[in-house]
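# Tertiary structure, described
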Amino acid sequence: MTSLEYARELVAFDSISLKSNVPVTDYVQETLGRLDFETERLEYDDRNGVRKASVVGKKGQGTGGMAYFGHTDVVPADDWKFDAHGPFEPTEVDGRLYGRGSCDMKGSVACALAAAERVSAGELQRPLYIVCTADEEVGYLGAEQVASESELFREMVEHGTKGIIGEPTLLEVVYAHKGVCGLVATSHGRAAHSSTREGINANLAMIPYLSEMKAIFEETESDPAWQNAEFDPPTIRWNVGINDHTRAVNITPPQSVCTVYFRPMPGTDVEGLIGRARGKAEECGLDFEVRINAKPLYIEPGAPFVAECLELTGREQATTVSYGTDGAMLGALENLVVCGPGSIAQAHTHDEWIDLGELERGTELYGRMIGRWCCA
C-alpha cells in the first residue's frame, strides 16, 4: 500500500483523545503483523476510565537499527469547516488530503508504514522499530508507559537505536524542542447568596497567589537567565489561567482554580519554579498539584547523528521548535530527533490537511533512513 492509502485508512478512525484509540491501535498492530513485525502491546485506563493502547513493533533481527515514533490520538474536530465531508472522512482536493489527523500525525505514520512495506525482513541487517502511542495530545501518557514498561524500548536504549519522531516539521531536522509543565492551584470557599453572611469567596485567597504568578511571568519574560536564544520565542511562556466556575454574579464562588502551563527549555530550573509556586500555594492555603512535568528534548546540533539526518534530508542546518512531542518521555535514547512530513501550521486546524507530495517525500525519506541504518 502507498502512504496515501494508509493515511486514508488511519484518518477514518475517530481517535480523539477523549475517546479510546484501541480500534486504530488494533489496525496498526494488524498492519505491522502483516508486514512481518513482532509486536508488543501496552494498555492502560486514563483518568476517565477510557481504555488506551500503544503498540511497539520490531522487524528484523539483532539490535541497533532505527526506530520511528508516532501517535494515533488526535485533537477534537468540533469546529470542522466542511459540510461536504466530516473530519473523519478523508478527502482529496487539489493535491491535499483533508481530515483530522492527516497532518498531526497519521500522515506521518502512514509514511512509516509504507516505507516499512518496501523492505523485507530478509533485507534488514539491523532491526526496524515502529512505535505508535496513545495520548500524545494530552500529556504523552502512552509514551510514558512505553518508556517505563516496554521491553523493546529498553532494547533500543541499550543498543543505541537511532530514533525519529515523525511529528510535522516539513522534513526539517529538529534537534530540540521545549518541554511541558502544568501546575494547578485550587482555593476552596463556600457558595451562598452574596447578600448574606454565609458564603466564603474562594477567589480572595487566590489573589495573592495570582500576584506571585504574575511576578514569575514578568521575571521569566524579562530576565535573560530564564531565556534560551536557540528557541523562538526564547522564553518559557509562563501562561496563567483562572476560573471560579461560578455562573451567577450574586453567588460567592465556592472554588477558584488557577492553572499555570509553561514550556521549559534545556537548562530551565523547573523544580525551582515549581517550588516557588508550591510555596506560595501553601502560604495561601491552596491545594497544589503538578499535572505534568515533561522534559525538553535536546541533542547537540553538531552531533554525528544530526549530521547523518541532515545528509539524508538534504538540509544544511538543524533547527528547534517550541511545541512538544513524545520525545519528552523518550530521552533515554541517545540519538533522537524530530523529522516528519507536513507543516505544524496545518495541525489542529478546522481544515487540517497534508500535501500529497509531502506524503511521497516522507515515505522516500524514511526509506532512505531504513536503508542507511538497517540495511547498509
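Within every chain, residues take consecutive numbers counted from 1 along the sequence as written. Side-chain atom pairs in this predicted model are given and counted only at pLDDT of 80 or more, local residue features only at pLDDT of at least 70, and totals for whole chains, interfaces and linings cover all residues. Remark: hydrogens and water are excluded; side-chain values derive from all non-hydrogen atoms of the structure.

### So, the overall build of the protein
The condition is simple: Under the DSSP-based scheme used, a helix requires at least four consecutive residues in state H or I and a strand at least two consecutive residues in state E, with every element numbered from the N terminus. The size measure is the radius of gyration over C-alpha atoms, and the globule rule it meets is 2.2 Å times the number of residues to the 0.38 power. Think of it in three bands: with a 1.4 Å probe and only protein chains considered, a residue is buried below 20% of the maximum accessible area for its type, exposed above 50%, and partly exposed in between. Working rule for contacts: check all heavy atoms of both residues, and any pair within 4.5 Å makes them a contact. Surface exposure here means Shrake-Rupley accessible area, sampled with a 1.4 Å probe, where a residue is shielded only by the protein chains that are shown.
Across its full length, the protein holds nine helices and 16 strands. Computed over its C-alpha atoms, the radius of gyration of the protein comes to 23 Å, within 12% of the 21 Å expected for a compact globule of 376 residues. Taking the principal axes of its C-alpha atoms as reference, the protein extends roughly 80 × 50 × 40 Å. In the protein, which comprises 376 residues, the proportion classed as buried is 54%. Long-range pairs, those at least 24 residues apart, make up 79% of the contacts in the protein with a sequence separation of at least 6. Surface exposure of the protein reaches about 16100 Å², of which carbon and sulfur atoms provide 48%.

### Details of the pairing of strand 9 (residues 180–188)
Two faces belong to every sheet, and in a regular strand the side chains alternate between them. The criterion, for reference: Any two strands are treated as partners once DSSP identifies two or more bridges connecting them.
Within strand 9, eight of the nine residues are buried, leaving the element largely enclosed by the surrounding structure. Taken together, the seven bridges between strand 9 and strand 12 (residues 287–294) define a ladder with antiparallel strand orientation. Bridging from a neighbouring strand, valine 180 pairs with alanine 294 of strand 12.

### Notes on the sheet that holds strand 9
Backbone hydrogen bonds are what pair the strands of a sheet, in a parallel or an antiparallel way. Rule in force here: In this analysis an axis means a line fitted to C-alpha atoms, helices contributing only their contacting stretch, and an angle means the value between N-to-C directions, from 0 to 180 degrees.
Pairing is antiparallel across the open sheet formed by four strands, whose spatial order is 10-11-9-12. Both edges of this open sheet fall to strand 10 (239–243) and strand 12, since each of them pairs with a single strand only. With strand direction ignored, the average angle separating the axes of adjacent strands in the sheet is 15°. Sheet analysis places strand 9 next to strand 11 (residues 255–262), joined by eight bridges and oriented antiparallel. Within strand 11, the residue paired with histidine 188 across the bridge is glutamine 255. Taken strand by strand, helix 6 (residues 202–222) contacts strand 9, strand 10, strand 11 and strand 12, and its axis lies near 20° from that of strand 11. Each of strand 9, strand 11 and strand 12 is contacted by helix 7 (residues 270–283), which is oriented at about 165° to strand 12, the strand it contacts most.

### Section: the packing of helix 1 (residues 3–11) against helix 2 (residues 22–34)
The line we're drawing: Under this scheme an angle from 65 to 115 degrees is roughly perpendicular, one under 35 degrees roughly parallel, and one over 145 degrees roughly antiparallel; angles in between are oblique. We call Asp, Glu, Lys and Arg charged. Ala, Val, Leu, Ile, Met, Phe, Trp, Tyr, Cys and Pro are nonpolar, and the rest, Gly among them, are polar.
Interhelical geometry of helix 1 versus helix 2 gives an angle of 150° and a closest axis separation of 10 Å. In terms of their interaxial angle, helix 1 and helix 2 are classed as roughly antiparallel. Contacts from Tyr6, Glu9 and Leu10 in helix 1 reach Val24, Tyr27, Val28, Thr31 and Arg34 in helix 2. Across the contact of helix 1 with helix 2, the residue classes tally to five nonpolar, one polar and two charged.

### What about the sheet that holds strand 5 (residues 96–98)?
Pairing is antiparallel in the open sheet, where three strands are placed in the order 4-5-16. Strands at the two margins of the open sheet, each flanked by one partner only, are strand 4 (91–93) and strand 16 (353–355). Neighbour-to-neighbour, the strand axes of this sheet turn through a mean angle of 25°, independent of strand direction. Here three bridges tie strand 5 to strand 16, and the two strands are oriented antiparallel to one another. In the sheet register, leucine 97 faces strand 16, and the bridge partner there is isoleucine 354. Across the sheet, helix 3 (residues 102–117) touches strand 5 and strand 16, and the angle it forms with strand 16 is around 50°.

### Description of empty space enclosed by the protein
The probe, sized like a water molecule, is rolled over the atoms to show the empty space still left. Basically, it comes down to this: Put simply, the grid is 1 Å and covers the protein atoms alone, a cavity is a trapped set of points that fit a 1.4 Å probe, a pocket is an open set with protein on both sides within 12 Å along at least five of seven lines, and lining residues have an atom within 4 Å of a point. Grid points are joined across faces, edges and corners, and a volume is the space filled by probe spheres set on the points.
Under the counting rule described, the total for this entry stands at one cavity of 30 Å³ or more. Estimated volume of the largest cavity: approximately 30 Å³. Together, Met66, Tyr68, Ala112, Ala115, Leu128, Ile130, Tyr366 and Ile370 line the largest cavity. Residue composition of the lining of the largest cavity, grouped by class: eight nonpolar, no polar and no charged.

### Describing the packing of helix 8 (residues 304–313) against helix 9 (residues 356–375)
Put simply, the test is: Helix crossings are classified by the rotation of the near helix relative to the far one: an anticlockwise turn of less than a right angle makes the crossing left-handed, while a clockwise turn makes it right-handed.
The geometry of helix 8 relative to helix 9 is characterised by a closest axis approach of 10 Å and an angle of 130° between their N-to-C directions. Between helix 8 and helix 9, the angle falls in the class oblique. Where helix 8 crosses over helix 9, the two elements pack in a sense that is right-handed. Of helix 9, the residues touching helix 8 (which contributes Phe305, Glu308, Cys309, Glu311, Leu312 and Thr313) are Leu365, Arg368, Met369, Arg372 and Trp373. By residue class, the composition of the contact of helix 8 with helix 9 is six nonpolar, one polar and four charged.

### Focus: the environment of tyrosine 366
Looking at the secondary structure, you find tyrosine 366 in helix 9. Judged by its relative accessible area of 1%, tyrosine 366 falls in the buried class. Along the chain, tyrosine 366 and glutamate 5 lie 361 residues apart, while their C-alpha atoms are 17 Å from each other. Not counting residues up to four positions away in its chain, the partners in contact with tyrosine 366 are Tyr68, Ser108, Cys111, Ala112, Ala115, Ile164, Gly166, Cys339, Gly340 and Pro341.

### Some details on the pattern of salt bridges
What counts here: Whenever Lys or Arg places a side-chain nitrogen within 4 Å of a carboxyl oxygen from Asp or Glu, that contact is recorded as a salt bridge.
Here the structure, examined in full by the defined rule, presents 25 salt bridges. We note a salt bridge from glutamate 155 to lysine 58, for which the minimum N-O separation is 2.7 Å. On the criterion of sequence distance, the pair formed by glutamate 155 in helix 5 (residues 151–158) and lysine 58 in strand 2 (residues 51–59) is long-range, its members being 97 residues apart. Ionic pairing is found between arginine 291 and glutamate 289, a salt bridge with its closest N-O pair at 3.0 Å. Judged by relative accessible area, which is 43%, arginine 291 ranks as partly exposed. We classify glutamate 289 as partly exposed; its relative accessible area is 32%. Connected through shared salt-bridge partners, Asp26, Arg41, Glu43, Asp45 and Arg51 make up one network.

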